[in-house]
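Descriptive structure summary
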Amino acid sequence: QVQLVESGGGLVQAGGSLRLSCAASGRTFSRYAMGWVRQAPGKEREFVAGISGSGGSTRYSDSLKGRLTISRDNAKNTVYLQMNSLKPEDTAVYYCAARISLAVITNLDYTYWGQGTQVTVSS
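Presented here is an overview of the structure given in this document. (Residues numbered from 1 in each chain as written. Predicted model: local features only at pLDDT ≥ 70, side-chain atom pairs only at ≥ 80, totals over all residues. Heavy atoms only, no water.)

**What to know about the packing of aromatic side chains**
Quick reminder of the rule: Here a pair means two rings of Phe, Tyr or Trp (six-membered ring of Trp) with centres within 6.5 Å. Their orientation is stacked below 30 degrees between planes, edge-to-face above 60, and tilted elsewhere. Every helix listed is a DSSP run of H or I at least four residues long, and every strand listed is a run of E at least two residues long, numbered separately from the N terminus. Counted as over-ring charges are cases with an Arg CZ or a Lys NZ within 6 Å of the ring centre that also lie within 35 degrees of the ring normal.
Under the criterion given, the structure shown has 3 aromatic pairs. For the pair tyrosine 95 and tryptophan 113, a centre-to-centre distance of 6.5 Å together with 80° between the ring planes defines the contact as edge-to-face. With tyrosine 95 in strand 9 (residues 92-100) and tryptophan 113 in strand 10 (residues 112-113), the pair connects residues that are 18 residues apart, well separated along the chain. An aromatic cluster of at least three residues, connected via ring pairs, comprises Tyr95, Tyr110 and Trp113. Here arginine 45 stacks its cationic end above the ring of tyrosine 95, 3.9 Å away from the centre of that ring. Between arginine 45 and the ring centre of tryptophan 113, over which it is positioned, the NZ or CZ distance is 4.9 Å.

**Examining unusual backbone geometry**
Selection rule: Only protein chains enter the accessibility calculation, which uses a 1.4 Å probe; a residue is then buried when its area is under 20% of its type maximum, exposed when over 50%, and partly exposed in between.
With phi around 55°, asparagine 77 is a residue other than glycine that occupies positive phi space. Within the chain, serine 85 stands out as a residue other than glycine whose phi angle is a positive 50°. Residue position: serine 85 is located in the loop between strand 8 (78-83) and strand 9. On the basis of relative accessible area, serine 85 is assigned to the partly exposed category, the value being 41%.

**Regarding the sheet that holds strand 3 (residues 18-24)**
How we decide: A pair of strands is treated as paired once DSSP finds two or more bridges between them. Axis angles are defined between N-to-C directions and span 0 to 180 degrees, where every axis is a line fitted to C-alpha atoms and, for a helix, only to the segment in contact.
Pairing within the open sheet is antiparallel, and its 4 strands lie in the order 1-3-8-7. Strands at the two margins of the open sheet, each flanked by one partner only, are strand 1 (4-7) and strand 7 (68-73). Taking each pair of neighbouring strands and ignoring which way they run, the sheet shows an average axis angle of 15°. The pairing of strand 7 with strand 8 spans 6 bridges and is antiparallel. Along strand 8, the bridge assignment pairs isoleucine 70 with leucine 81.

**Describing the nonpolar core**
Convention followed: To define a nonpolar core, start from buried Ala, Val, Leu, Ile, Met, Phe, Trp, Tyr and Cys residues and group those joined through side-chain atoms within 4.5 Å. By the convention used here, residues are in contact when the closest approach between their heavy atoms is within 4.5 Å.
In terms of nonpolar packing, the biggest core is built from 30 residues, with Leu4, Met34, Trp36, Leu81, Met83 and Tyr94 touching the most fellow members. Breaking this core down by element, the ones donating at least two residues are strand 3, strand 4 (32-39), strand 5 (46-51), strand 7, strand 8, strand 9 and strand 11 (117-122). Not counting residues within four places of it along the chain, the set of residues in contact with leucine 81 comprises Leu18, Arg19, Leu20, Trp36, Val48, Ala49, Leu68, Thr69, Ile70 and Tyr94. One finds Ala33, Phe47, Ala97 and Ile105 within the second-largest nonpolar core, a separate group that totals 5 residues.

Listed below in structure tokens is the structure:
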């Protein structure tokens, strides 16, 4: 079992930045591929970014590539999502997710999910 707790969301103006954090419980954090998924109001969840257990491989949604950086600190059992040049259409609940995997997961096929953190971008 892995428990995930996100933090760092909030209200930001368009063009601003936020860094989301996700703290994971457990002793085998490096075995888990981690990812961020978002869900905007009235829309389905969509993959945002993923990172391998070692942190050596990362993948991003094509529509968001260039504005995001996913990273992890396995010593702290934490994964991060740095978001820059935020746009109003980035407004969504952002979820942290995990699954035991050697590879980066670039879809919604994760085993464990956090409760989500709200990101609101004002114009």
